[in-house]
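# Examining the three-dimensional arrangement
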Amino acid sequence: MLVAALSVGLLATGAAAQVTTVIRGVVVDAQNGAVPGATVALRQPSSGLERVAVTDATGHFDLPNLPVGTHDVRVTLDGFTPVAQRVVAATGAPVELTLRLAVATLTDTVVVRPEQTAVDDTTAGTRHAVSVTRIERLPVAGASRGLEAVLVGFPGFAQNANGAIHPRGAHNQMTYVIDGLPISDQLTGAFANALDVGVVQTAELMTGNIPAEFGGKVSGVAVLGSRSGLGTGRASTGSLSLAGGGFGTAHGALQWGGERGRIGYFGSLTSMTTERFLDQVSRDNLHNAGNVVRGFGRADLRLTPQDTVRLHAMGGTSRFELANLRSQQAAGQDQRQHLADLSVWGAYLRPLGLSSTVDVTLGARTTSAELRPSAGDTPITAAQDRRLSTVTAQARYTRQAGRVGVRAGADVQAFPVRERFTMALTSFTLNVPGSDGYNPALTAHDLTRGGVPFRFDDARTGTHASAFAQTTAQLGDLTVNAGVRHDEYHFLVAGRQLQPRIGLSYRVGGRDLVLRASYNRNYQTPPNENLLLSNSEAAGRLAPESVRAALGGATRAIRPERQDVFEAGAQFALGGRVTIDGAVYRKHSRDQQDNNNFFDTGIIFPTTLARLRVTGVEARATLLPVRGLSGSLSVTSARAIATPPFTGGLFLGQEAVDLLSAGPFPIDHDQRLSVHATAGFDPSGPWWLSATARYDSGLVANPSDPAEVAADPDFADLLPYVNLTAATPRVRPRTIVDLATGIDLANARGRRTWGVQAQVTNLLNRTALYNFQSVFVGTRVVQPRTASLRVTRYF
């Protein structure tokens, strides 16, 4: 089944979606006798998550590791009339149910009730969710894309190269919270290893009215719950899948888990190799091979009926070539990159009665990146060795008392950073003295003119502490969300910010129509990747004259971004089968954060602009299954206008910087319209079909001279796919269609045994660009038509 996600009606204290709950109970007959062998089926309307349990000899069932929120429970057994109940789990405290079955009579008829929509009248913000049930059948490109390839189907995102997504006019300021551990690294294929989407059970996405619990990077927050062995009812279960496709891509995945007594365990190991690891920089796929290996492990220990400990480990490594232009391929350029990451964390959870919970999380994460140069590098050569570690401690308390919920907590992070970087110019045609855009500061590092390499080596440690409190109160048809957060940031600069966040939602006349409005003050800390160099005096001395003049000749440190965000929206249901959610928003940012991609390497340098103004409109319509057919339609329009001067970055020989420093300009992720449609057909039986279609009107491109581009053999054949004569140059619009189909076979007990899936991405084989000579991200080409086949054995 492929259905777009609905926003779920769960308390905003429950941005606590990172907290899991358990729904358990007993099934009895009319005389309160135990009913063994009954099937208890659960479904979460928002994400589509589906779970099944069978009652034991005493009539009891247990459904653990469920996301907090609204769930529909249905009990069936031959000879009894089915019973259904909607359950709201507001906290992590276990939900106890007693479900009573009545004996069916000869006159009883079975009524098949369609799935019901669920409008969100409590969070007062934009929420979307998706689960493994839907993710498994999405026709998304594989390679190094990860979870971002799933999230981009929701409204509010502009799609970029190598899996990058821009939430609501921001570059990539997102936080991923996986089983309580916050990760704010820039998780795209070129800069860091993406999260393995195969271990995700549920994902809740927040882009509007972000709860006070979340800080650091909050243009978007994805709260992820991983798979667990709890609830499988087996000591050993899992799957083995093998896949192959175009560009010599081969993929394998092994997942195994189970439960014994009070212990649940789950592990995953995936590996992929391909000849097209990153999005290519020209129509020719040159020097672009790579491989990635990722692992994940989780253990759940029920120490007592109230006390649970969760232990996690996650890590991976990728090695890949950096895609070449034709001139670089001819020169023998052979730059390669190695990325690695390792995370370990644990969480302790304890219910305090039936209305309160407390949870504590401790974790550590380390990432590293190494760029290796080659003798044929042109027009620059560069080497990098950086390491970033983050140690996290956090505590949460949640209480639900009637129609009022409270959640409070505190976080402390320490992050040691080490950076080593070397760079030199290797082409005599770059930074020619006397030419337009000539930068005298670079001559000392021009190897063709007797210069020496630029070198940088530094290490520092920063800290970030925060505390928050938030509440949700339901007053009849009105719900008030109020929270406050305070951050203390100490690294290359020191800063602090008190952040009020408030939202109101109102259910009109008790109907399935909810109006909402919110205001958030946010404090976004700078990205730590290459922040030492970007903030250094050494890098400041290399900046173009226009940038240094705008800053009065001084090097200005990159400061946290301060935002004021306003949102208004509505959600309503039509006929019990369709849900429509829409929002308008406006964001004002000071010290807006972005990145400068160092040519087409895998190196990014943080940068800021003085201000950013974003206005946007977005909507999503969701169709619940009707005779096996389901689907969604997401529409996004956003304007993002940035105001210089620049701070940070490492801009070399890019004349566009002079133009962008002259006044306000549309940032590269400004896009007038994007439309993302999904459709799924899942009739009764083993066969299914799903499809997606996405239209993008085009991101902002570099204001390059068309005549110069036409004369450049590296870029001339890309000229038809970019409009350089418009007032604001943009890549031309594109429509990409993806298709997937498969068969799932099951045994007599209903358990899957085999699965076969075939998919085609870019079915119509459209040639298109994500970017063109962008100051921020360079040039990248959309993947051409690619077919793949996957076979899975379940055990």
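Residues numbered from 1 in each chain as written. Predicted model: local features only at pLDDT ≥ 70, side-chain atom pairs only at ≥ 80, totals over all residues. Heavy atoms only, no water.

### Let's talk about the sheet that holds strand β8 (residues 95–100)
Strand order in the open sheet formed by 3 strands is β4-β1-β8, and the pairing between neighbours is mixed. The sheet terminates laterally at β4 (60–67) and β8, the two strands that pair on one side only. Strand-to-strand twist of the sheet, defined as the mean angle between neighbouring strand axes without regard to direction, takes the value 25 degrees. (Pairing = 2+ DSSP bridges. Helix = DSSP H or I, 4+ residues; strand = E, 2+ residues; numbered from the N terminus. Axes fitted to C-alpha atoms, helices over the stretch in contact; angles between N-to-C directions.)

### Some remarks on the pairing of strand β33 (residues 629–648)
Most of β33 is tucked away, with 14 of its 20 residues classed as buried. Note: strand β32 (residues 604–626) against β33, 17 bridges, orientation antiparallel. Bridged to Thr622 within β33 is Ser632. Taking the residues that link successive antiparallel strands as the turn, the β32-β33 hairpin has 2 residues, and the phi of Arg627 there is positive, at about 55 degrees. Where β33 meets strand β35 (residues 671–681), 9 bridges bridge the pair, whose relative direction is antiparallel. Its bridge partner lying in β35, Ser630 is registered against Gly680. Inspection of the sheet shows β33 paired to strand β34 (residues 665–666) by 2 bridges, in the antiparallel sense. Among the inter-strand pairings, Ile641 is bridged to a residue of β34, identified as Pro666. (Buried < 20%, exposed > 50% of the residue type's maximum accessible area, 1.4 Å probe, protein only.)

### Side note on the nonpolar core
By size, the foremost hydrophobic cluster in this structure holds 36 residues, and its most contacted members are Phe421, Phe454, Leu533, Phe598 and Leu650. Per-element accounting of this core gives the leading share, 5 residues, to strand β25 (residues 404–425). Setting aside residues up to four positions removed in sequence, Leu533 forms contacts with Glu419, Phe421, Phe454, Phe456, Ala539, Phe605 and Leu650. Counting 28 residues, the second-largest nonpolar core is a separate cluster that includes Val152, Phe157, Ala222 and Trp345. (Core = buried A, V, L, I, M, F, W, Y, C linked by side-chain atoms within 4.5 Å. Contact = heavy atoms within 4.5 Å.)

### A look at the pairing of strand β5 (residues 69–76)
Looking at chain direction, strand β2 (residues 39–43) and β5 are connected through 5 bridges and run antiparallel. Within β5, the position partnered with Val40 by the bridge is Val75. Of the pairings in the sheet, the one linking β5 to strand β7 (residues 83–89) comprises 7 bridges and is antiparallel in character. Bridge pairing in β7 links Val73 to Gln85.

### Some remarks on the side chain of Thr525
Within the secondary structure, Thr525 is located in the loop between β29 (513–524) and α4 (531–534). By relative accessible area, which is 6% here, Thr525 ends up buried. Beyond its immediate stretch of four places on either side in the chain, Thr525 contacts Gly216, Lys217, His464, Tyr489, Pro560 and Gln593.

### Overview of the environment of Val83
Positionally, Val83 belongs in strand β7. Along the chain, Val83 and Gly363 lie 280 residues apart, while their C-alpha atoms are 43 Å from each other.

### Considering the pattern of salt bridges
Within this structure, the stated rule accounts for 43 salt bridges. Its salt-bridge partner being Arg559, residue Asp591 comes within 3.3 Å of it at the nearest N-O pair. With a gap of 32 residues between them, Asp591 in strand β31 (residues 578–597) and Arg559 in the loop between α6 (545–550) and β30 (561–574) connect regions that are remote in the sequence. With its nearest N and O atoms 2.9 Å apart, the salt bridge here joins Arg639 to Asp670. Pair noted here: Arg639 is in strand β33 and Asp670 is in the loop between β34 and β35, with a separation of 31 residues, a long-range link. According to the relative accessible area criterion, Arg639 is partly exposed, its value standing at 30%. (Salt bridge = Lys/Arg side-chain N within 4 Å of Asp/Glu carboxyl O.)

### A closer look at the confidence of the model for the protein chain
Mean pLDDT over the protein chain stands at 88; residues scoring 70 or higher make up 92%. Low confidence marks residues 1–17, where pLDDT is under 50. Its contacts with residues over four positions away, or in another chain, come to 95 contacts. Within the model, pLDDT remains below 50 along residues 107–114, and this stretch shows 4 contacts once partners closer than five positions in the same chain are excluded. (pLDDT = per-residue confidence, 0-100.)

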